[in-house]
Amino acid sequence: MNILVLGGGGREHAISWALAKSPRCTELYVAPGNGGTANIARNVKDLNAEDAQAVLAFAQAHNIELVVIGPEAPLVAGVADVLREAGIPVFGPDAQGAQLEGSKTYSKRFMDANGIPTARYQSFTDAASARAYCEELGAPLVVKADGLAAGKGVIVATELEQAEEAVRECFGGAFGDAGNTVVIEEMLVGPECSLLAFTDGKTVRPMATSQDHKRALEGDLGPNTGGMGVYSPVPIVTDEEHATMVKVMEQTVAELAAEGIDYRGCLYGGFMLTPAGPKVLEFNARFGDPETQVVLPRLKNDLVEVMLACANCELDQIELDWRDEWAVAVVLTSSGYPGSYEKGKVITGIEDAEAMENVTVYHAGTAVVDGQLVTNGGRVLAVTALGDTFENARNLAYEACEKIDFEGKTLRHDIGLRALRGRDAWDA
């Protein structure tokens with residue numbers, strides 16, 4: 001069957017990598033794709049993934065039998081709605097369901113209305129009221145641009161002055177229209193844990209747990225990024241915490257269905273494991289990045305079959321099967337990320353890294369220019385390794401990172417160290 005994946009980051013490379021392994025996949029297209037997807041699929045660079053009519057025309061012209069929407073922007077733009085109306089199977093929720101990620105205010109109100117545990121918050125459309133609430137709440141706190149900000153609209157403020165500066169940035173246009181409304185919330189304390197789930201709007205099949213590292217610098221310092229490294233599963237999660245998170249995911253899908261929302265795809269739950277139990281930091285309406293780069297390599301199932309089951313409301317017929325190995329991914333970034341950075345730096349050593357057993361290199365910000373693979377983004381590569389123990393997987397990932405080089409290559413060297421030290425490491 002012919003499949004179209006929308007997106008061009010590391011998440012889409014990991015999804016495409018898994019889809020391409022399926023015997024059911026005849027032709028795979030990725031729009032726009034990147035330097036990595038070019039090796040396993042046909043990149044469609046001139047297709048605007050957020051233009052629903054253009055995507056529909058391409059799908060009809062190329063006999064596409066499954067569309068997988070990777071990023072959040074096409075989901076919020078209603079691409080899934082248009083394709084489904086035309087009878088094309090889609091992995092991804094409708095535009096209303098995507099508001100769980102597209103509007104933090106909508107998401108928080110949804111959680112409040114349905115008794116889903118989350119941080120105390122208020123939403124504001126003017127800076128003066130937002131600053132006043134910051135003073136009322138007191139630091140530390142979190143300032144969030146309401147709309148889509150490419151993963152950069154969240155500022156963790158440990159001091160009141162930082163919060164006030166973040167409010168000024170949001171309303172001053174630092175995040176475009178996404179900052180026209182600002183959410184201020186209390187800062188939850190504890191380890192974070194991501195739980196993704198496949199769903200067809202009725203049945204929920206949780207994936208393996210994973211834990212991202214959002215801060216740019218070692219020791220979990222510096223600004224938030226799109227993710228500097230990740231591992232799966234998360235060894236510190238208790239059975240009780242896992243059961244609570246699964247219950248939240250199931251409740252969320254049920255409440256969405258009760259509101260008439262057509263949610264077929266991936267539901268991402270970002271949790272904080274607080275002393276009072278897991279609380280939701282955020283929902284995303286798609287696979288996480290870089291969580292996908294450690295979760296999908298551990299999935300034994302044929303991803304085409306799972307995604308089709310979601311698209312066709314037949315997920316109750318699927319049981320997920322996971323590999324026992326641990327997975328660790330280290331993200332290689334351009335110097336300066338998440339701020340300004342240069343592009344076009346030649347990348348070498350990927351073949352040497354992937355020659356190592358149980359290592360896969362997922363491309364995020366790469367492109368092929370004049371026959372050379374070059375950097376084309378802030379997060380450039382995610383180097384993923386599988387191992388029979390957490391420590392072996394971690395060591396292998398870092399060994400593979402040493403084989404890859406480009407000017408300005410930056411990485412964190414402490415991915416997963418806290419997990420090795422156990423739950424008490426988060427209290428240190």
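Before reading on, note that the structure itself is shown above.
In what follows, the accompanying structure is described. (Residues numbered from 1 in each chain as written. Predicted model: local features only at pLDDT ≥ 70, side-chain atom pairs only at ≥ 80, totals over all residues. Heavy atoms only, no water.)

1. Section: the overall build of the protein chain
Stated precisely, the cut-off is as follows: Elements are defined by DSSP. Helices are runs of H or I of four residues or more, strands are runs of E of two residues or more, and each kind is numbered from the N terminus. The quantity called the radius of gyration is restricted to C-alpha atoms. Its globule counterpart is 2.2 Å times the number of residues to the power 0.38. When checking whether two residues touch, look at their non-hydrogen atoms; a contact exists if any pair is within 4.5 Å. In this charge count, Lys and Arg are treated as positive and Asp and Glu as negative; neither His nor the chain ends contribute. Charged side chains are reduced to one point each, which is NZ for Lys, CZ for Arg, CG for Asp and CD for Glu.
Secondary structure assignment for the protein chain yields 14 helices and 22 strands. Here the protein chain has a C-alpha radius of gyration of 20 Å; the compact-globule value for 428 residues is 22 Å, and the two agree. Taken along the three principal axes of its C-alpha coordinates, the protein chain extends 60 × 50 × 45 Å. Restricting the contact set of the protein chain to residue pairs at least 6 apart, pairs at least 24 apart contribute 68%. Charge separation in the protein chain, taken as the distance between the mean sites of 35 positive and 62 negative side-chain charges, equals 1 Å.

2. Considering the sheet that holds strand β12 (residues 211-212)
We apply this condition: Strand pairing is defined by DSSP finding a minimum of two bridges between the two strands. A fitted line through C-alpha atoms serves as each axis, taken over the contacting stretch for helices, and the angle formed by two N-to-C directions is quoted from 0 to 180°.
Within the open sheet, the five strands sit side by side as β12-β15-β18-β22-β19. Their pairing is antiparallel. In the strand order of this sheet, the two ends are held by β12 and β19 (359-363), each with one partner. Strand direction decides the pairing type here: strand β15 (residues 229-232) and strand β18 (residues 326-333), joined by four bridges, are antiparallel. When the bridges of β18 are listed, Gly-229 appears paired with Val-330. Those strands touched by helix α13 (residues 390-402) are β15, β18, β19 and β22 (379-387), and its axis lies near 30° from that of β18.

3. Describing the layout of surface pockets
Remark: the empty space left among the atoms is shown by a probe the size of a water molecule rolled over them. Stated formally: With a 1 Å grid laid over protein atoms only, a set of points is called a cavity when a 1.4 Å probe fits there but cannot get out and a pocket when it is open yet has protein on both sides within 12 Å along at least five of seven lines; lining residues have an atom within 4 Å of a point. Grid points are joined across faces, edges and corners, and a volume is the space filled by probe spheres set on the points. Side-chain classes follow a simple rule in which Ala, Val, Leu, Ile, Met, Phe, Trp, Tyr, Cys and Pro form the nonpolar group, Asp, Glu, Lys and Arg form the charged group, and the remainder, Gly included, forms the polar group.
Volume-wise, the second largest pocket comes out at about 260 Å³. Considering the residues around the second largest pocket, the lining is formed by Lys-152, Val-154, Ile-155, Val-156, Thr-158, Gln-162, Arg-215, Gly-222, Pro-223, Asn-224, Pro-338 and Gly-339. Among the elements of the structure, β8 (154-157) and β14 (221-224) are those that each provide at least two residues to the lining of the second largest pocket. Of the residues in the lining of the second largest pocket, the class split is five nonpolar, five polar and two charged.

4. Description of the sheet that holds strand β9 (residues 182-186)
One open sheet holds the four strands; their spatial order is β6-β9-β7-β8, and the pairing between them is antiparallel. Only two strands of the sheet have a single neighbouring strand rather than two, namely β6 (121-124) and β8. Put simply, the sheet's adjacent strands are angled 20° from each other on average, direction ignored. Two elements, strand β7 (residues 141-145) and β9, share five bridges in a ladder whose sense is antiparallel. Paired with Val-142 across the strands is Glu-185, a residue of β9. Against the sheet, helix α7 (residues 127-137) touches β6, β7 and β9, its axis set at about 5° to β9. Across the face of the sheet, helix α8 (residues 160-171) comes into contact with β6, β7, β8 and β9 while running at roughly 5° to β7.

5. Examining helix α11 (residues 303-311)
For clarity, the cut-off: Using a 1.4 Å probe on the protein chains alone, a residue whose accessible area is under 20% of its type maximum counts as buried, one over 50% counts as exposed, and one in between counts as partly exposed. The term polar contact refers here to a pair of N or O atoms within 3.5 Å; inside protein, the definition further demands a hydrogen-donor-capable atom paired with an acceptor-capable atom, and it admits residues adjacent in sequence only when both atoms are side-chain atoms.
Along α11, eight of the nine residues are buried, which leaves the element largely enclosed by surrounding structure. Restricting attention to buried positions, one finds in α11 the residues Leu-303, Val-304, Val-306, Met-307, Leu-308, Ala-309, Cys-310 and Ala-311. Looking at the packing, one finds that the buried side of α11 touches β1 (2-7), α1 (10-20), β4 (64-69), β5 (90-91), β10 (192-199) and β16 (265-274). Its side-chain oxygen placed 2.9 Å from the backbone nitrogen of Val-304, Asp-302 serves as the N-cap of α11.

6. Concerning the pairing of β10
Consecutive side chains of a regular strand alternate in pointing toward one face of the sheet and then the other. In terms of residue burial, β10 counts as a mostly covered element, since seven of its eight residues are buried. Pairing between β10 and strand β11 (residues 204-206): three bridges, direction antiparallel. Residue pairing across strands places Thr-199 opposite Val-204, the latter belonging to β11.

7. Side note on empty space enclosed by the protein
Counted by the stated rule, this structure contains one cavity of 30 Å³ or more. Looking at the largest cavity, its volume works out to about 40 Å³. The wall of the largest cavity is formed by Asp-289, Gln-293, Val-331, Ala-364, Arg-379, Leu-381 and Ala-382. Here the lining of the largest cavity is built from residues that sort into four nonpolar, one polar and two charged.

8. Concerning the pattern of salt bridges
Opposite charge on two side chains allows them to pair when their charged atoms are near. Our working definition: Whenever Lys or Arg places a side-chain nitrogen within 4 Å of a carboxyl oxygen from Asp or Glu, that contact is recorded as a salt bridge.
All told, the structure shown has 17 salt bridges when counted by the stated rule. Asp-262 serves as the salt-bridge partner of Arg-264, at 2.7 Å between the closest nitrogen and oxygen. Between Arg-379 and Asp-289 there is a salt bridge, with its nearest N and O atoms 3.7 Å apart. Of this pair, Arg-379 sits in strand β22 while Asp-289 sits in the loop between β17 (277-284) and α10 (292-295), and the two are 90 residues apart along the sequence. Taking relative accessible area as the criterion, Arg-379 reaches 19% and is therefore assigned buried. When salt bridges with common partners are traced through the structure, they connect Asp-220, Arg-412, Asp-414 and Arg-418 into a single cluster.

9. A few points about the packing of α7 against α8
This is how the line gets drawn: When describing relative orientation, an angle under 35 degrees is termed roughly parallel and one over 145 degrees roughly antiparallel, while 65 to 115 degrees is termed roughly perpendicular and anything else oblique. With the far helix as reference, a near helix turned anticlockwise by less than a right angle produces a left-handed crossing, and one turned clockwise produces a right-handed crossing.
At a minimum axis separation of 10 Å, α7 and α8 run at an interaxial angle of 160°. As summarised for this structure, α7 and α8 are arranged roughly antiparallel, according to the angle between their axes. Here the hand of the crossing between α7 and α8 comes out right-handed. Every residue of α8 that contacts α7 at Ala-127, Ala-130, Arg-131, Cys-134 and Glu-135 is listed here: Leu-160, Ala-163, Glu-164, Val-167 and Phe-171. Of the residues in the contact of α7 with α8, the class split is seven nonpolar, no polar and three charged.

10. As for the nonpolar core
Stated formally: Think of a nonpolar core as a cluster: buried Ala, Val, Leu, Ile, Met, Phe, Trp, Tyr and Cys residues, connected wherever their side-chain atoms sit within 4.5 Å.
Ranked by internal contacts, the top residues of the largest apolar core, which has 76 residues, are Leu-4, Leu-6 and Ile-404. Broken down by element, the residue count for this core peaks at seven residues, all from α13. With sequence-adjacent residues up to four places away left out, Leu-4 is seen in contact with Tyr-29, Ala-31, Leu-47, Val-55, Phe-58, Ile-64, Leu-66, Val-67 and Val-68. With 40 residues, the next largest nonpolar core counts Phe-91, Leu-299, Leu-308 and Leu-386 among its residues.

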